[in-house]
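Coordinate inspection notes
So the chains spell out like this:
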Amino acid sequence: MEEGNVIRPSPLRPVGGSLKSPSSGRSSPRGSPSFRRLNSGRTPRRESRTGGIVSQCFRSNRIVLWLLLITLWAYAGFYFQSKWAHGDNKEDLFSGGYGGESSGGNSEPQLNKRRDLIANVDSGAVELQSDTNQSSSKNMDVVLMKNESGVSLNKNTSSKKKSKRSGRGSRKKSRGKPKVVTEDVESEVDIQEEEIPKQNTTYGFLVGPFGSVEDKILEWSPEKRSGTCDRKGAFARLVWSRKFVLIFHEMSMTGAPLAMLELATEFLSCGATISVIVLNKKGGLMPELARRKIKVLEDKTDLSFKTAMKADLIIAGSAVCSSWIEQYLSRTVLGSTQIMWWIMENRREYFNRSKLVLNRVKKLIFLSESQSKQWLAWCEEENIHLNSEPALVPLSVNDELAFVAGIPCSLNTPSFTTENMLEKRQALRSTVRKEMGLTDDDMLVISLSSINPGKGQLLLLESARLMIEQQLQMNTSDSKDSILIDHDYYSRALLQNRKTDGGSSEGSTFDGGTKYISSPRIFTNKVGSKSNKVPYVKALLTYLSTHSNLSKSVLWTPATTRVASLYAAADVYAMNSQGLGETFGRVTIEAMAFGLPVLGTDSGGTREIVEHNVTGLLHPLGRPGAKVLARNLEFLLQNPSARQEMGKRGREKVQNLYLKKHMFQKFGEVLYKCMRIK
C-alpha cells in the first residue's frame, strides 16, 4: 500500500531538497545561477529568446536598413534624372527644350534578296579588281596565301589551350575569315592605283601647311581642347547616357566625314557612348579619331550589327552607307526604327544606290532646301513613299574656326576674348601672307575642296587666265583651248566622278600685283587624298604648264585640317562647283565667318547661302560662267571696299544662322522625335 502512495517527482521540477520551488516566497538573488534556473521554463524561455532575437536583429541590422533606404533613394533619383535628361515623358515636363510629337512609322516587311555587304561597300574597288592586270592578280594570291597561313598558325597555337567550347567559337570566327581576306585584297588592289605626284617641282610653289604657325601665334591648339559641350544645354540633356552608332563611309578630309567627326566629338563630350563604323578606312582622319578617343569598331559586319542592335540610335552620314543599312535591316526586325540617315550628296547615282532602303529608315536628313527638293522629286519618279517628312539640318562653323575668326563661342575664356582673337588673327594673316610672298596690295582667292571635275578648279583657272590676259591686253581666244576641249570637264557627263561636299583641303589663290593684276595660286590641301581624281589633277598641271602667266601665281599646299591660317590670309573665297551645284558647302560659311566675300555658282546650296551683291557674287555654271567669274574677280580686285562690305555682311549672317548652337538646336529636335518613347 505504501508503494501506491509514493510521490513521483515531476519532470518539470528539479530533484533535490536544496532547490526551492518557484511558488515559494523565498527566491535566490537576481542574477545568480540558481535564480536563472529557478525562473526558467521551456515556454517562457522561448518567448524571451524570441523577443531578444528580434530586438538584437533590429539593432544589428539597422545599418542594413539604412543602406536599403539609401539604395532606394539613389535609384529613384537616377530614374527621374534619366527621365529628365532624355525627355521621356508624355506631359513634356522634361522635354529638354524640344517639343513636337514623335514621328513614328512601321517599316514594311522586306522580301527582297539582300546583296552581300563586302561586295557592295565599294563598287569602285570591285570594278578596279576586274580590270587589274596579271601581276596584280599574283599579288592577290600572295595576300591570300599569307592570310591563310596566318589563320592556320593561330589555330594551331590556340587549340592547345582552348576547351571544346572555345574551339567551337574559334571555328565560328574562322568562318568569317574569308570576308576579312576579301577586305585585305581590296585594299591591296587600291594600292595599285596611280598616285598623284607629290613633289614640289611638279606643282611649282608648294606652301604650308601652317599648323605650327597657328599654334605659335594663337598660343592655342585644337588638340588641347577637352570638348565644347554645354552640359546644361538641351542637347546635352537629350543625349546624356545614350548609346549611338555613327557610320562613316570614308575617312577622307572632305565635308561628310568631317561633319560626322565633329558630331561624334560633340556626342562624346556631352556624355553619350559612341561607336563608329568605318566602311572605308583610307584617308587622313583615322589618327584624328584616335586622338579624340572615339571608339572605332574593327569589324563592319557581325560585330557592327550586334553593337547597332544595342544602340539607342544609328546615324549614317552618307548615301554610300546604303549597303550597310540594307544588310543590317535584313538581320533585325526593329532596325528601321533605329536609323537616322543624314544624306550629304546630291547626285542621281547616289540616289540609285540608296533608293531600295530610303523608305525603311526612321528619318532622312538633308543639308539644304535644294537638295531636299531634288531627292523628293527623284522619290516621286520612282514611286517611293517615305515613312516621314525629311528634316533639314544645315551644317555649321565649328567652334575651333569660330574661335580663331573672333566669333563668340564656347572656347572663349578671359585670356582668349574675341578682341584678343581678332588681334591674333591679324598677326596670323600677316605671317602667312609673308611666307606666301604676298603684299598688302595682292588679292588672295582660295577655294577649299577635293580636286575633281565637280569642284570646277579647271574652270576657275580659266577665269583667272581670262582676267590676266585681259589686263595684259592679250587677245588670245579661249574657245580653242585644247586642254578644256579634250577633257570637257565642264560637261555634266564627267561630273559623275566628283565628290559632293567640300571639306577643308584644297585652295586656289589669286594674287594681284603691279605686273599681274591677278593670278591664280591653287592651295591643294588634297594632294594625295583619296577624293582626288588623278587624271583631273594632271589636267590641271598640264593647263598650268601651257599658260606661263597663270602658273607663276599658283600655290599648292598639302592635305590638312588646319585651314584657319588659309582663311585668315585670304581676301576672297571661290566656290565653283558644277553640275547640280554644291549640296551645301560648309567651306562657304567658314569663309564668310572670316569676313570673306564669296564668288559662287548660282546653283545648289551656294545659292541659298550667298546673297548676290550682298554677301558675294554669283555666276552661271559651265564655261559661260567662267567669263562672268573673271569679271567678278576683276571687280573685287579693283574695289577693296566692296570686298570688306560683303565680307562684313556675310560674317553677320553666319553669326545669326550658321554657328554650332544653331545646328545642334535643329539636330536635337530631330533626335528628340526619333528617340522619344511614346
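These numbers come from a predicted model, not from an experiment. (Residues numbered from 1 in each chain as written. Predicted model: local features only at pLDDT ≥ 70, side-chain atom pairs only at ≥ 80, totals over all residues. Heavy atoms only, no water.)

**Some words on the nonpolar core**
Phe 267 and Leu 671 are the most contacted members of the largest nonpolar core, which totals 94 residues. Membership of the second largest hydrophobic core comes to 31 residues, among which are Val 245, Ile 247, Ala 316 and Trp 341. (Core = buried A, V, L, I, M, F, W, Y, C linked by side-chain atoms within 4.5 Å. Buried < 20%, exposed > 50% of the residue type's maximum accessible area, 1.4 Å probe, protein only.)

**Considering the environment of Asn 346**
Its location among the elements puts Asn 346 in the loop between strand 6 (339-342) and helix 16 (348-354). With a relative accessible area of 3%, Asn 346 lands in the buried category. Along the backbone, Asn 346 and Trp 375 are 29 residues apart, and their C-alpha atoms lie at a distance of 7.6 Å. (Helix = DSSP H or I, 4+ residues; strand = E, 2+ residues; numbered from the N terminus.)

**Section: a nonpolar patch on the surface**
On the surface, Ile 63, Val 64, Leu 67 and Ile 70 cluster together into a nonpolar patch covering about 390 Å² of accessible area. With respect to the secondary-structure elements, Val 64 resides in helix 3 (residues 62-86). Its relative accessible area of 46% is what places Val 64 among the partly exposed residues. (Patch = residues over 30% accessible without salt bridge, like charges linked within 9 Å, V, L, I, M, F, W, Y side chains within 5 Å. Areas by Shrake-Rupley, 256 points an atom, 1.4 Å probe, with all protein chains shown as cover. Salt bridge = Lys/Arg side-chain N within 4 Å of Asp/Glu carboxyl O.)

**Some remarks on the sheet that holds strand 15 (residues 616-619)**
Within the open sheet, the four strands sit side by side as 9-13-14-15. Their pairing is parallel. Looking at the sheet topology across the chains shown, the edges are occupied by strand 9 (445-446) and strand 15. Looking at chain direction, strand 14 (residues 598-601) and strand 15 are connected through four bridges and run parallel. Across the sheet, the residue bridging to Thr 601 is His 619, located in strand 15. Against the sheet, helix 25 (residues 586-593) makes contact with strand 13 (572-575) and strand 14, and its axis sits at roughly 170 degrees relative to strand 13, the strand it touches most. (Pairing = 2+ DSSP bridges. Contact = heavy atoms within 4.5 Å. Axes fitted to C-alpha atoms, helices over the stretch in contact; angles between N-to-C directions.)

**Points about the pattern of salt bridges**
The final tally for this structure, using the stated rule, is 24 salt bridges. Here Asp 215 makes a salt bridge to Arg 562, at a shortest N to O gap of 2.6 Å. Separated by 347 residues along the polypeptide, Asp 215 in helix 10 (residues 211-218) and Arg 562 in the loop between strand 12 (555-556) and helix 24 (564-569) bring together distant segments of the chain. The exposure class of Arg 562 is buried, given its relative accessible area of 17%. With a closest N to O distance of 3.0 Å, Glu 288 and Arg 292 form a salt bridge. As far as burial versus exposure is concerned, Glu 288 and Arg 292 are alike and both buried. Put simply, Arg 348, Lys 355, Glu 381 and Glu 382 are held in one network by salt bridges that share partners.

**Considering the sheet that holds strand 3 (residues 273-278)**
Strand order in the open sheet made by the seven strands is 4-3-2-5-6-7-8, with parallel pairing throughout. The sheet is open, and its two edges are formed by strand 4 (295-296) and strand 8 (391-392), each paired on a single side. Note that strand 2 (residues 243-248) and strand 5 (residues 313-316) share four bridges and pair parallel. For Leu 246, the partnering residue across the bridge sits in strand 5 and is Ile 315. Packed onto the sheet, helix 29 (residues 660-675) meets strand 2, strand 5, strand 6, strand 7 (363-366) and strand 8 and runs at close to 150 degrees relative to strand 6.

**Things to note about the side chain of Ser 396**
By the secondary structure assignment, Ser 396 is in the loop between strand 8 and helix 18 (399-405). Among all residues touching Ser 396, those that are not within four sequence positions of it are Arg 586, Ile 589, Tyr 658, Leu 659, Lys 660 and Met 663.

**Focus: helix 10**
Residues of helix 10 that are buried include every one of Gly 211, Val 213, Glu 214, Ile 217 and Leu 218, and no others. When helix 10 is viewed along its axis, its buried side chains cluster within an angular range of 160 degrees and face the same direction. Opposite the packed face of helix 10, turned more than 90 degrees from it, sit the exposed residues Ser 212 and Lys 216. Buried residues in helix 10 make contact with helix 18, helix 19 (418-436) and helix 24. A positive phi of about 55 degrees marks Glu 219, the residue just after helix 10. (Arc of directions from axis to C-beta.)

**Considerations on the packing of helix 20 (residues 457-471) against helix 27 (residues 622-638)**
Relative orientation of the contacting elements helix 20 and helix 27 amounts to 50 degrees, with a least axis distance of 8 Å. Accordingly, the angle class assigned to the pair helix 20 and helix 27 is oblique. For helix 20 against helix 27, the interelement crossing comes out right-handed. The residues of helix 27 that touch helix 20, namely those facing Leu 459, Leu 460, Glu 462, Ser 463, Ala 464, Leu 466, Met 467, Gln 470 and Gln 471, are Gly 622, Arg 623, Ala 626, Lys 627, Leu 629, Ala 630, Leu 633 and Glu 634. (Parallel < 35°, antiparallel > 145°, perpendicular 65-115°, else oblique. Left-handed = near helix turned anticlockwise from the far one by under 90°.)

**Considering the packing of aromatic side chains**
Evaluation of the coordinates by the stated rule reveals 16 aromatic pairs. Judged by centre distance (6.5 Å) and plane angle (40 degrees), the rings of Tyr 567 and Tyr 573 are tilted. The exposure class of Tyr 573 is buried, given its relative accessible area of 0%. In this structure an aromatic cluster arises from ring pairing among Phe 235, Phe 244, Phe 267 and Phe 664. (Phe/Tyr/Trp six-rings, centres within 6.5 Å; stacked < 30°, edge-to-face > 60°.)

**Comments concerning helix 22 (residues 534-545)**
Taking 1.5 Å of rise per residue, twelve residues should cover 16 Å, and helix 22 covers 17 Å from first to last C-alpha, within 8% of that figure. Regarding helix 22, the residues found buried are Val 534, Tyr 536, Val 537, Ala 539, Leu 540, Leu 541, Tyr 543 and Leu 544. (Expected span 1.5 Å × (residues − 1).)

**Notes on the confidence of the model for the chain**
Counting all residues, the mean pLDDT for the chain is 74, and 63% of those residues have values of 70 or more. Mean pLDDT across the elements of the chain ranges from a minimum in helix 8 (residues 177-191), with 35, to a maximum in strand 15, with 97. The low-confidence segment residues 39-43 (pLDDT under 50) makes one contact with residues lying over four places distant or belonging to another chain. (pLDDT = per-residue confidence, 0-100.)

**Some details on the environment of Trp 378**
For Trp 378, the location among the structural elements is in helix 17 (residues 369-381). Residue Trp 378 is classed as buried on the basis of its relative accessible area, which comes to 6%. Considered as a pair, Trp 378 and Asn 352 are 26 residues apart in the sequence and their alpha carbons are 9.2 Å apart. Not counting residues up to four positions away in its chain, the partners in contact with Trp 378 are Asn 346, Arg 347, Arg 348, Phe 351 and Leu 580.

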